[in-house]
Protein chains: 2
Amino acid sequence: MEQQTLCPRFEKGMDMFSRRWTGLIIYQLLEGTQRFCTIQGALPISGRLLSERLKELEAEGVVVRHVYPDIPVRIEYSLTDKGRALEPVIREIQKWSADWIEPNLQADQQ
Amino acid sequence: MEQQTLCPRFEKGMDMFSRRWTGLIIYQLLEGTQRFCTIQGALPISGRLLSERLKELEAEGVVVRHVYPDIPVRIEYSLTDKGRALEPVIREIQKWSADWIEPNLQADQQ
DNA sequence: ATAATTAGTTACGAATAGTAAGTGAATCGA
DNA sequence: TCGATTCACTTACTATTCGTAACTAATTAT
């Protein structure tokens, strides 16, 4: 069967968004600029993956990294305009989750 | 550092949405009921993964599967109300992609 | 001297994804 | 009647990604 073509921009957007942790990292940064360890403390993600994702998001222009040469070094991450523009996406996922996901989730379910 | 707790419903919604192909499958089914081979033809996904994802989405109540015992068998997939409720999420990702992803994507870029 | 903090990196096994081939029932063409 | 095709999957296997744990370097605290 012939491969229909999708809009490549939409496909790329979806691809970025459907990488694990991406959405939650952006959700966290919508609260404001945060340090590496703060993000890590807020999400159940390992340092290895957080580091990897932040690099990817920086490369895509969604996140910016600021280095403050304090001791110990302080590094802050924030959203660019492109990143902040994802807020409506996150909001819609929040709405959908609130409306359609059963509230009685137990630890060992699913 | 102590693990902050996220809203478990939001976390689950995000988790579902950020599994590869989920978004694009839902996007396809928003066009209406479709057969397995039609979805496969519309997306660059293999049969193995499409089958796996459709089962997961069915288990989550996002997709329904109808079997018509024609010859050869015809199986149609459609969105439930829960699935159709994801339309605003998809729309927002479309908007964002249109606004923020460079239009000149080449095959070998990124 | 030892431990802790920050923002990572490295190593490695486990889980997930992707590719290709196979399945079974039925239909069609040669 | 043999072989090819269709549909909706499975199975087998390899490649990529994930998750855990340990490690790094500079500095401060105990």
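Residues numbered from 1 in each chain as written. Chains lettered and ligands numbered in written order. Predicted model: local features only at pLDDT ≥ 70, side-chain atom pairs only at ≥ 80, totals over all residues. Heavy atoms only, no water.

Quick look at the overall build of chain A now. Across its full length, chain A carries six helices and three strands. Ordered by position from N to C terminus, the α and β elements of chain A give α-α-β-α-α-β-β-α-α. For chain A, whose C-alpha radius of gyration is 16 Å, the value lies well above the compact-globule estimate of 13 Å for 110 residues. Its C-alpha atoms put chain A at 55 × 40 × 25 Å along the principal axes. A sequence separation of at least 24 residues applies to 50% of the contacts in chain A between residues at least 6 apart. Accessible surface, chain A as shown: approximately 6,100 Å² in total, 49% of it carbon and sulfur. Placing the 14 positive and 16 negative side-chain charges of chain A at their respective mean positions leaves the two points 6 Å apart. (Helix = DSSP H or I, 4+ residues; strand = E, 2+ residues; numbered from the N terminus. Rg over C-alpha atoms; globule rule 2.2 N^0.38 Å. Contact = heavy atoms within 4.5 Å. Areas by Shrake-Rupley, 256 points an atom, 1.4 Å probe, with all protein chains shown as cover. Lys, Arg positive; Asp, Glu negative; His and termini not counted. Charge placed at Lys NZ, Arg CZ, Asp CG, Glu CD.)

So, about the nonpolar core. Within the largest apolar cluster, 57 residues are counted, with the highest numbers of intra-cluster contacts made by Phe17(A), Ile25(A), Val62(A), Phe17(B), Ile25(B) and Val62(B). Those residues in contact with Phe17(B) that sit more than four places away from it in its chain are Met14(A), Phe17(A), Ser18(A), Ile93(A), Thr22(B), Gly23(B), Leu86(B), Val89(B), Ile90(B) and Ile93(B). (Core = buried A, V, L, I, M, F, W, Y, C linked by side-chain atoms within 4.5 Å. Buried < 20%, exposed > 50% of the residue type's maximum accessible area, 1.4 Å probe, protein only.)

Let us look at the sheet that holds strand S1 (residues 34–35) of chain B. Residue and element names in this part refer to chain B. As summarised here, the arrangement of the three strands in space is S1-S3-S2, forming an open sheet in which the pairing is antiparallel. Looking at which strands have only one partner, the edges of the open sheet turn out to be S1 and strand S2 (63–68). Across the sheet, helix H2 (residues 22–29) lies against S1, S2 and strand S3 (74–79), angled at about 100 degrees from S3, the strand it touches most. (Pairing = 2+ DSSP bridges. Axes fitted to C-alpha atoms, helices over the stretch in contact; angles between N-to-C directions.)

A word on the protein's contact with DNA strand D. In the neighbourhood of DNA strand D, 20 residues make up the surrounding shell, with Arg48(A), Leu49(A), Arg53(A), Arg65(B) and Tyr77(B) lying closest. The share of sugar and phosphate among atoms of DNA strand D within 4 Å of the protein is 71%. Measuring from a phosphate oxygen of DNA strand D, one finds a side-chain N or O atom of Arg20(A) at 3.2 Å. One nitrogen or oxygen atom from the side chain of Arg48(A) is found 2.7 Å from a base oxygen belonging to DNA strand D. (Near = heavy atom within 4 Å. Polar contact = N/O pair within 3.5 Å; in protein donor to acceptor, adjacent residues only side chain to side chain.)

Let's shift gears to helix H2 (residues 22–29) of chain A. A large share of H2(A) lies buried, amounting to eight of its eight residues. Restricting attention to buried positions, one finds in H2(A) the residues Thr22(A), Gly23(A), Leu24(A), Ile25(A), Ile26(A), Tyr27(A), Gln28(A) and Leu29(A).

Turning next to the sheet that holds strand S2 (residues 63–68) of chain A. One key point about sheets: their strands pair by backbone hydrogen bonds, in either a parallel or an antiparallel sense. Residues and elements named next belong to chain A. Within the open sheet, the three strands sit side by side as S1-S3-S2. Their pairing is antiparallel. In this open sheet, the two edge strands, each paired with only one partner strand, are strand S1 (34–35) and S2. In terms of strand pairing, S1 meets strand S3 (residues 74–79) through two bridges, oriented antiparallel. What sits directly across from Arg-35, in S3, is Glu-76. Against the sheet, H2 touches S1, S2 and S3, its axis set at about 100 degrees to S3.

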